[in-house]
Amino acid sequence: MLYVQIADDLRRRIVSGEMAPGAEVPSEGELAELWHSSRGPIRNALAALRTEGLIETHRGRPARVTERKAQQAADVSIPFTRWALGMGAVPGAVTQEITRRRADEEKARTLGIETGAPIVDVVRLRLLDGRPTMLERLTFIEEVGRVLFDVDLDTVSITEYLDQRGWGYTDIDHEIDAVAADELDGRLLDVQPGTPILRLHRVTRGTDGRVFEASDDRYRSDIIRFTVSASGRAREGSHFIRAIGA
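Quantities reported herein were computed from a predicted structural model and do not represent experimental measurements.

Thresholds applied
Residues numbered from 1 in each chain as written. Predicted model: local features only at pLDDT ≥ 70, side-chain atom pairs only at ≥ 80, totals over all residues. Heavy atoms only, no water. Axes fitted to C-alpha atoms, helices over the stretch in contact; angles between N-to-C directions. Helix = DSSP H or I, 4+ residues; strand = E, 2+ residues; numbered from the N terminus. Left-handed = near helix turned anticlockwise from the far one by under 90°. Contact = heavy atoms within 4.5 Å. Nonpolar A, V, L, I, M, F, W, Y, C, P; charged D, E, K, R; others polar. Phe/Tyr/Trp six-rings, centres within 6.5 Å; stacked < 30°, edge-to-face > 60°. Buried < 20%, exposed > 50% of the residue type's maximum accessible area, 1.4 Å probe, protein only. Lys NZ or Arg CZ within 6 Å of the ring centre and 35° of its normal. Salt bridge = Lys/Arg side-chain N within 4 Å of Asp/Glu carboxyl O. Pairing = 2+ DSSP bridges. Core = buried A, V, L, I, M, F, W, Y, C linked by side-chain atoms within 4.5 Å. Polar contact = N/O pair within 3.5 Å; in protein donor to acceptor, adjacent residues only side chain to side chain.

## Some thoughts on the packing of helix 2 (residues 28-35) against helix 3 (residues 39-51)
Running from amino to carboxyl end, helix 2 crosses helix 3 at an angle of 115°, the nearest separation of the two axes being 9 Å. Both helix 2 and helix 3 take part in a crossing whose hand is right-handed. Where helix 2 abuts helix 3, its residues Glu-28, Gly-29, Leu-31 and Ala-32 lie against Arg-39, Ile-42, Arg-43 and Leu-46. Class assignment of the residues belonging to the contact of helix 2 with helix 3 gives a composition of four nonpolar, one polar and three charged.

The following block contains the structure:
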């Protein structure tokens, strides 16, 4: 569709820096002339970019490019490395810890294993263009996690590496909330302890239906935003929005 082509072209120009934050977006008339189009597709393209947070519009004033904030879809699962490359950023990783230990009651319950069963914990800082962006706290059942000792975790996507080793996922539950940065978050993400950050809790199941990974990913909220695309097919939003408590 034409509006998709128009949106793609403007998005490319914004992401590449050709249209810098604060720059005015060409007017509807200018874009219509450039694309030999009516104003309908132009408005649809601008609306799409506004929804993505790439531009802001105000009545009576030209649309402008917003300060860039990376977006990650919350209703799908894309490995951090692939997601970063897809938006033109350079991903990085600095592994802080990979350890075999015994599961406490909470982790055992999440993974569906017995308390005291062996697990593998990974703590890894993720970077975008060298900037601390997300801190991963990953926990794997032992038979999966042990293969991670065979590779340099600073150089691979764990999700894609596990898939190559026969541990691809078929289902992932996501839960998003906001938490105060603890001492570890603050030190590695370069924020003050107590700073509000975004937390994405994931539970991953393999092809056999078993949970093999649970993670607690903490993102700097000044860099990342989460998005959910609503299909309009369901009347209720209960799949993504649930009340907590009684």
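## Focus on the packing of aromatic side chains
Throughout the structure, instances matching the rule amount to one aromatic pair. Their ring planes at 55° and their centres at 5.7 Å tell us that Trp-167 and Phe-212 sit as a pair that is tilted. One end of the pair, Trp-167, is in the loop between helix 7 (158-164) and strand 7 (169-180); the other, Phe-212, is in strand 9 (residues 211-219), with 45 residues separating them in the sequence. Looking at Trp-167, the relative accessible area reads 19%, which means it is buried. Above the face of the Phe-149 ring, Arg-100 is positioned so that its terminal group lies 4.4 Å from the ring centre.

## Regarding the side chain of Thr-81
For Thr-81, the location among the structural elements is in helix 4 (residues 80-86). Each residue touching Thr-81, except ones within four places of it in the same chain, is listed here: Pro-91, Arg-126 and Ser-157.

## Quick look at the side chain of Ser-215
Secondary-structure assignment places Ser-215 in strand 9. We classify Ser-215 as buried; its relative accessible area is 2%. Not counting residues within four places of it along the chain, the set of residues in contact with Ser-215 comprises Arg-137, Leu-138, Leu-200, His-201 and Arg-202.

## Considerations on the pattern of salt bridges
Counted according to the given criterion, the structure contains 31 salt bridges. In this structure, Arg-101 and Asp-121 form a salt bridge, with 2.7 Å as the shortest nitrogen-oxygen distance. Remark: Asp-121 occurs in strand 5 (residues 118-128) and Arg-101 occurs in strand 4 (residues 91-102); sequence separation between them is 20 residues. Residue Asp-121 is classed as buried on the basis of its relative accessible area, which comes to 6%.

## Topic: the pairing of strand 5
Buried residues dominate strand 5, accounting for 10 of its 11 residues. Bridge count for strand 4 against strand 5 is 11 bridges, and the pairing is antiparallel. Pairing of Arg-100 across the sheet is with Val-120, part of strand 5. Judged from the 10 bridges that link them, strand 5 and strand 6 (residues 131-141) form a sheet pairing that is antiparallel. Bridging from a neighbouring strand, Ile-119 pairs with Ile-141 of strand 6. In textbook terms, the turn of a hairpin is the stretch between consecutive antiparallel strands, and for strand 5 and strand 6 this stretch comprises two residues, one of which, Asp-129, has a positive phi near 50°.

## Things to note about the nonpolar core
One broad rule of soluble globular proteins: the nonpolar side chains tend to lie buried together. Core analysis: the largest hydrophobic core is formed by 21 residues, its most contacted members being Val-122, Phe-140, Val-144, Leu-148, Ile-158 and Leu-162. For this core, the secondary structure elements donating two or more residues are helix 5 (105-111), strand 5, strand 6, helix 7 and strand 9. Dropping the residues within four chain positions of it, Ile-158 is found in contact with Val-122, Arg-124, Leu-138, Phe-140, Leu-148 and Leu-153. Judged by nonpolar contacts, the second largest core, of 16 residues, contains Ala-7, Met-19, Leu-46 and Leu-54.

## Notes on the environment of Gly-40
When you line up the elements, Gly-40 lands in helix 3. Relative accessible area serves as the criterion here: at 34%, Gly-40 is assigned to the partly exposed category.

## Some words on the environment of Thr-133
As for its position among the elements, Thr-133 is in strand 6. Owing to a relative accessible area of 0%, Thr-133 belongs among the buried residues under this scheme. Taking the C-alpha atoms as reference points, Thr-133 and Leu-188, separated by 55 residues in sequence, lie 9.2 Å from one another. Aside from chain neighbours lying at most four places away, what touches Thr-133 is Arg-126, Leu-127, Leu-128, Leu-189, Arg-218, Tyr-219, Arg-220, Ile-223 and Ile-224. Looking at Thr-133, its side chain comes within polar contact range of the main-chain oxygen of Arg-131, at 2.9 Å.

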